[in-house]
2 protein chains.
Amino acid sequence: MAHSAGQLHIGLLGCGTIGSGVFHLIRKNAAGLADAAGREMVLARILVKELEEPRPFPVDRTRMTTDQSEVLDDEEIDIYIELMGGIDPALSYALKVLGRGKPLVTANKELIARHGRELMEAAAAGGTVIRFEAAVGGGIPLIRPMEESLGGDNVEKIMGIVNGTTNYVLTRMSAEGITYEKALSEAQKLGYAEADPTADVSAGDAASKMAILCSIAFKAGFTADQVYREGIQKVSPDDIENARELGYAVKLLAIAERDGGGVSARVHPTMVPLDHPLASITGNFNAIFVMGESVGDLMFYGQGAGSLPTATAILGDVVDISRNPGKQAAARRSYWSKPGEVKPIEDVETRFYTVLRVVDRPGVLAKIAGVFGDNSVSLESVVQKGIGDSAQIVLITHKVVERNFQSALKGLKELEVVLEIPSVIRVESGRE
Amino acid sequence: MAHSAGQLHIGLLGCGTIGSGVFHLIRKNAAGLADAAGREMVLARILVKELEEPRPFPVDRTRMTTDQSEVLDDEEIDIYIELMGGIDPALSYALKVLGRGKPLVTANKELIARHGRELMEAAAAGGTVIRFEAAVGGGIPLIRPMEESLGGDNVEKIMGIVNGTTNYVLTRMSAEGITYEKALSEAQKLGYAEADPTADVSAGDAASKMAILCSIAFKAGFTADQVYREGIQKVSPDDIENARELGYAVKLLAIAERDGGGVSARVHPTMVPLDHPLASITGNFNAIFVMGESVGDLMFYGQGAGSLPTATAILGDVVDISRNPGKQAAARRSYWSKPGEVKPIEDVETRFYTVLRVVDRPGVLAKIAGVFGDNSVSLESVVQKGIGDSAQIVLITHKVVERNFQSALKGLKELEVVLEIPSVIRVESGRE
């Protein structure tokens with residue numbers, strides 16, 4: 001393809017849901033994008049696995065190839081967009097184009113969360129940049145504001161809903177009182193959850209995003225496997241109802257904060273006060289709270305997934321690279337080479353909600369309180385519900401070190417009067 | 001002052017609440033800012049009106065001068081920050097430094113909203129840039145995400161709470177059932193409202209911010225005087241109570257949207273559904289909803305004012321300019337020279353809430369409904385409250401052209417059975 005100086009030639013690696021959205025927007029918003037980027041955008045070559053594949057937007061077949069070298073080795077391409085997902089072969093392709101000094105834009109959260117250090121170093125060595133606004137929060141401008149607008153501030157805490165599938169499931173459970181299984185099946189029917197929902201519901205997806213946000217916020221290289229995670233599979237309609245009575249909503253939150261010398265980083269179902277802005281984020285939306293030392297509380301909200309929102313974020317990165325070829329983002333990301341240190345979950349302090357199914361007899365509460373006291377766990381509220389076989393104690397602790405709480409749980413399980421501990425959910429006040 | 005190549009010399013014009021915050025952060029976060037900007041930041045000269053003045057953070061007296069030429073003509077200064085507020089002399093100082101090719105960062109919303117075109121042209125002519133992230137939404141990253149991350153998208157609508165003072169007053173009225181006067185006086189005691197609160201409560205401040213957002217979103221030069229405005233002074237505790245019963249919160253919203261060939265731009269008290277994210281923004285926070293054609297709904301939330309949040313936004317702009325001196329923001333803002341066209345408020349379509357105090361007698365509703373019908377206003381809900389002298393009709397219309405609604409109001413006032421029309425508030429569904 002002839003290369004005009006006024007054109008920006010793009011090589012697209014992977015063309016499924018998001019890739020076809022990128023193709024669609026480049027065609028539809030050609031004038032606006034050219035104005036923003038300073039050059040006409042041309043989607044020169046598209047690497048695909050299958051030429052024929054269902055895509056939400058039609059894509060020009062003549063640009064497609066299944067031969068990687070036709071795209072990766074094309075001298076005329078100015079910038080690459082990687083949308084294949086997964087690690088292999090995305091990582092080797094990414095390293096190859098960065099090594100050739102070509103800028104790379106990617107939405108691949110797993111790639112950044114597992115191989116961020118390698119990629120940042122490859123970009124720096126190649127004298128080029130890698131950008132990944134779309135990897136966290138889909139269409140929400142988040143990475144760049146954190147890197148640039150908050151460049152002079154110190155982030156103290158991040159707390160966010162970064163997975164739309166689980167937020168949809170929890171929203172439906174809350175609105176309709178239905179079970180996790182029923183809400184998930186509904187989400188699958190609507191296309192909000194995949195046939196194999198494991199990565200979403202078990203919090204693996206959110207953990208990857210958390211690792212990326214931690215790296216940027218705390219200026220070190222964090223990886224997904226450093227992020228403690230619990231999925232939403234065990235959250236019950238009773239938990240959601242109890243939470244509401246206590247003034248909370250149940251959300252899958254990704255939480256990271258500076259804590260002494262280290263950083264705590266975790267994703268788990270969390271009770272958040274009903275008047276906190278995160279409690280009102282419903283459906284498949286994402287929202288990320290960022291607390292800066294000087295700037296105070298910020299929140300970024302929007303579509304965390306979807307073809308066009310994600311494609312918009314990708315094109316924002318392309319525009320920025322086109323406009324600011326000298327931008328030394330790579331240099332500024334040298335911190336990624338310093339391994340991030342995460343505090344073990346056993347040392348993290350938080351509050352806990354828990355439910356104990358107990359024998360309905362006098363003196364039970366005293367025994368339970370005794371176990372908590374022996375483990376230095378102090379209780380904020382205790383409510384006894386039901387009678388006879390369904391007698392339950394619903395309680396919330398004050399802030400306690402995880403190790404002590406787990407030790408108390410172990411002690412409770414050994415009590416004859418405690419029949420079962422169906423629920424344990426962490427509680428955030430969000431502003432402490 | 002000796003000028004090292006590794007230093008960024010800053011000239012500060014004005015040093016009150018925000019300026020002293022800038023001084024404080026440059027000292028406190030010196031290492032982080034140097035890392036982000038690529039150069040050590042040095043606050044070289046500070047122009048003040050009075051050397052002695054109460055400031056929230058202490059400022060080094062030796063850098064201060066009351067002589068403008070000592071700062072404006074200093075060849076060693078690389079970048080200026082303007083925090084004087086108002087038009088005179090801020091405008092002439094701004095034009096002077098831009099004319100000398102020096103980048104300018106300002107938090108002065110009035111300056112941009114009234115003289116944006118002149119300033120953008122001066123920056124382009126001087127081959128430099130003007131940045132104003134802090135002028136709207138204080139510490140919230142908003143201008144840059146709209147300009148850059150959404151560079152390839154088309155903004156369809158903006159709807160936001162851009163004035164913290166009025167949001168605080170409305171939040172207190174709503175929480176405590178108190179009057180506007182009482183809530184305002186409380187805000188003044190807490191320092192959330194100024195002794196002369198006119199600019200805030202009459203929506204002038206919000207109108208300036210709306211003009212800036214319109215310019216960026218709709219790519220033309222809009223000025224504050226083009227923005228229709230109504231303040232919050234007439235909002236009563238009854239309105240807030242009625243709104244809640246109908247499922248709404250009352251907020252001072254700045255709203256702009258593409259509407260046919262033009263743009264509608266307005267700031268007024270607005271009823272917004274309780275489940276809309278804007279309804280849950282309380283206290284003196286700001287939140288701006290941006291609806292993009294491709295990206296969908298985004299919301300940006302944070303501290304809209306205050307010394308350190310605003311100073312953080314200013315330093316984010318300084319960092320960006322230092323890192324990307326070649327950034328062609330000025331070129332991209334050539335659209336500011338094209339005058340923005342605003343649709344007259346009479347032609348804007350919206351829904352209305354209104355309250356009529358009426359004579360309590362059979363047939364009244366028929367007469368009122370007749371007037372609405374004659375003016376092509378259709379009603380969504382009608383509730384009759386009270387009896388005898390306090391009989392009231394509370395109603396919400398379907399979407400109607402303002403002109404027709406005003407004509408209906410005129411007709412209603414002429415009816416003998418209508419004693420008074422105490423309230424008219426526009427209603428947004430937010431997602432239509």
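All of these numbers come straight from a predicted model, not from anything done at the bench.

Here we take up the overall build of chain A. Each helix and strand counted, chain A has 15 helices and 17 strands in total. Rg of the C-alpha trace for chain A: 24 Å, near the compact-globule value of 22 Å for 432 residues, within the 12% margin. Taking the principal axes of the C-alpha coordinates as reference, chain A spans close to 85 × 45 × 35 Å. Looking at chain A residue by residue over its 432 residues, the buried ones come to 57%. In chain A, of all internal contacts separated by at least 6 residues, the share reaching a separation of at least 24 is 75%.

Looking now at the packing of helix H14 (residues 364-374) of chain A against helix H15 (residues 402-414) of chain A. Residues and elements named next belong to chain A. Between H14 and H15, the least distance of the axes is 8 Å, while the angle of their chain directions is 150°. Looking at the two axes, H14 sits roughly antiparallel to H15. Classified by chirality, the crossing of H15 by H14 is right-handed. On the side of H14, the interface is formed by Ile368, Val371, Phe372 and Asp374, while H15 contributes Ala408, Gly411 and Leu412. Residues that form the contact of H14 with H15 fall into these classes: five nonpolar, one polar and one charged.

It is worth spelling out the environment of leucine 184 of chain A at this point. Residues and elements named next belong to chain A. In this fold, leucine 184 is placed in helix H8 (residues 180-189). The buried category is assigned to leucine 184, around which 24 C-beta atoms lie within 10 Å. Each C-alpha atom of the pair leucine 184 and asparagine 284 lies 12 Å from the other, and the pair is 100 residues apart in sequence. Look past the residues within four positions of leucine 184 in its chain and what remains in contact with it is Val169, Ala193, Pro197 and Val201.

A word on the sheet that holds strand E3 (residues 64-65) of chain A. All names here are of chain A. What the six strands build is an open sheet, ordered E3-E2-E1-E4-E5-E6; its pairing is parallel. The open sheet has two edge strands with one neighbour each: E3 and strand E6 (130-131). Two elements, strand E2 (residues 40-47) and E3, share two bridges in a ladder whose sense is parallel. Paired with isoleucine 46 across the two strands is methionine 64, which belongs to E3.

All names here are of chain B. Ordered by their spatial adjacency, six strands build an open sheet running E3-E2-E1-E4-E5-E6, and the pairing between neighbours is parallel. What marks the edges here is a single partner per strand, and that holds for strand E3 (64-65) and strand E6 (130-131). Across three bridges, the pairing between strand E4 (residues 79-82) and strand E5 (residues 104-106) is parallel. When the bridges of E5 are listed, tyrosine 80 appears paired with leucine 104.

All names here are of chain B. Most of strand E1 (residues 7-13) is tucked away: six of the seven residues are buried. Two strands pair when backbone bridges link them, and E1 and strand E2 (residues 40-47) are joined in this way by seven bridges, in the parallel orientation. The partner of leucine 13 across the bridge, within E2, is leucine 47. Alignment of E1 against E4, held across four bridges, turns out to be parallel. Among the inter-strand pairings, leucine 12 is bridged to a residue of E4, identified as isoleucine 81.

What follows covers the domain arrangement of chain A. Domain annotation for chain A reports domain 1 (7-131 + 328-334), domain 2 (151-303) and domain 3 (345-427). Placing the centre of domain 1 of chain A and that of domain 3 of chain A at their C-alpha centroids yields a distance of 51 Å.

It is worth spelling out unusual backbone geometry at this point. Of note, the bond from aspartate 88 of chain A into proline 89 of chain A is cis; its omega dihedral lies within 30 degrees of zero at 15°. Mapped onto the fold, proline 89 of chain A is located in the loop between strand E4 (79-82) and helix H4 (90-99). At lysine 219 of chain B, a position not held by glycine, the phi torsion is positive, near 55°. Turning to its location among the elements, lysine 219 of chain B is positioned in the loop between helix H10 (204-218) and strand E8 (228-229).

Time to look at the relation of the copies chain B and chain A. Rotating chain B by 180° about the axis while translating it 0.0 Å along that axis superimposes it on chain A, leaving an RMSD of 0.0 Å. Here the symmetry operator amounts to a two-fold rotation axis. Within chain B, the C-alpha atom positioned nearest to the axis of rotation is that of phenylalanine 300 of chain B, 2.5 Å from it. Most of the interface of chain B is mirrored in chain A, where 100% of its interface residues again form contacts.

The interface of chain B with chain A comprises 47 residues on the first partner and 47 residues on the second. Looking at the side of chain B that touches chain A, the elements with two or more residues in it are helix H2 (30-37), helix H6 (143-149), strand E12 (296-303) and helix H12 (307-323) of chain B. If you tally residues by element for the side of chain B that touches chain A, the top one is H12 of chain B, at 10 residues. Note: strand E12 (residues 296-303) of chain A against E12 of chain B, five bridges, orientation antiparallel. The residue bridging glycine 302 of chain A from the neighbouring strand is leucine 298 of chain B, located in E12 of chain B.

Moving on to the packing of helix H7 (residues 164-176) of chain A against H8 of chain A. All names here are of chain A. Remark: H7 packs on H8, axes separated minimally by 9 Å, with the N-to-C direction vectors making an angle of 125°. Taken together, the axes of H7 and H8 lie oblique to each other. Note on packing geometry: the crossing formed by H7 with H8 is right-handed. Contact residues: H7 offers Thr165, Tyr168, Val169, Arg172 and Met173, while H8 offers Tyr180, Ala183, Leu184, Glu186 and Ala187. Taken together, the residues that form the contact of H7 with H8 break down as seven nonpolar, one polar and two charged.

Okay, the nonpolar core next. Within soluble globular proteins, side chains that are nonpolar generally end up buried alongside one another. Among the nonpolar cores identified, the biggest contains 294 residues, and Met210 of chain A together with Met210 of chain B are the most heavily contacted of them. Excluding anything up to four places from it in sequence, methionine 210 of chain B contacts Val162, Val227, Ala254, Ala256, Ala265 and Val267 of chain B.

Here we come to H2 of chain B. All names here are of chain B. Listing the buried residues of H2 in full gives Leu33, Ala36 and Ala37. Buried residues in H2, looked at end-on, bunch into an arc of 85°, giving them a common side. Looking at the residues trailing H2, positive phi occurs at glycine 38, about 80°.

What follows deals with the confidence of the model for chain A. Residues of chain A with pLDDT of at least 70 account for 97%, and the chain-wide mean is 93. Both scores are available for the predicted complex, with the pTM at 0.93 and the ipTM at 0.91.

Residue and element names in this part refer to chain A. Topologically, tyrosine 335 is positioned in the loop between helix H13 (329-332) and strand E13 (349-358). When the C-alpha atoms of tyrosine 335 and glycine 221 are compared, they prove to be 6.9 Å apart, with 114 residues separating the residues in sequence. With residues near it in sequence (within four places) discarded, tyrosine 335 still touches Lys219 and Ala220.

It is worth spelling out the environment of isoleucine 77 of chain B at this point. Along the chain, isoleucine 77 of chain B falls in the loop between helix H3 (68-72) and E4. Considered as a pair, isoleucine 77 of chain B and arginine 426 of chain B are 349 residues apart in the sequence and their alpha carbons are 49 Å apart.

Below, the discussion takes up helix H5 (residues 109-126) of chain B. All names here are of chain B. The terminal C-alpha atoms of H5 lie 21 Å apart, and with 18 residues this falls more than 12% below the ideal 26 Å at 1.5 Å per residue. When the local axis directions of H5 are compared, the greatest deviation, roughly 90°, occurs at histidine 115. For H5, the tally of buried residues reaches 13 of 18 residues, placing the bulk of the element in the interior. With its phi angle positive at about 65°, glycine 127 sits one or two positions after the end of H5.

The rules behind these values
Residues numbered from 1 in each chain as written. Chains lettered and ligands numbered in written order. Predicted model: local features only at pLDDT ≥ 70, side-chain atom pairs only at ≥ 80, totals over all residues. Helix = DSSP H or I, 4+ residues; strand = E, 2+ residues; numbered from the N terminus. Rg over C-alpha atoms; globule rule 2.2 N^0.38 Å. Buried ≥ 20, exposed ≤ 12 C-beta atoms within 10 Å, placed from the backbone. Contact = placed C-beta atoms within 7 Å. Axes fitted to C-alpha atoms, helices over the stretch in contact; angles between N-to-C directions. Parallel < 35°, antiparallel > 145°, perpendicular 65-115°, else oblique. Left-handed = near helix turned anticlockwise from the far one by under 90°. Nonpolar A, V, L, I, M, F, W, Y, C, P; charged D, E, K, R; others polar. Pairing = 2+ DSSP bridges. Domains from an automatic or database assignment. Least-squares fit on C-alpha atoms with pLDDT ≥ 70 in both. Core = buried A, V, L, I, M, F, W, Y, C linked by C-beta atoms within 7 Å. Arc of directions from axis to C-beta. pLDDT = per-residue confidence, 0-100. Expected span 1.5 Å × (residues − 1). Bend = angle between axes of the 7 residues up to and from the residue.

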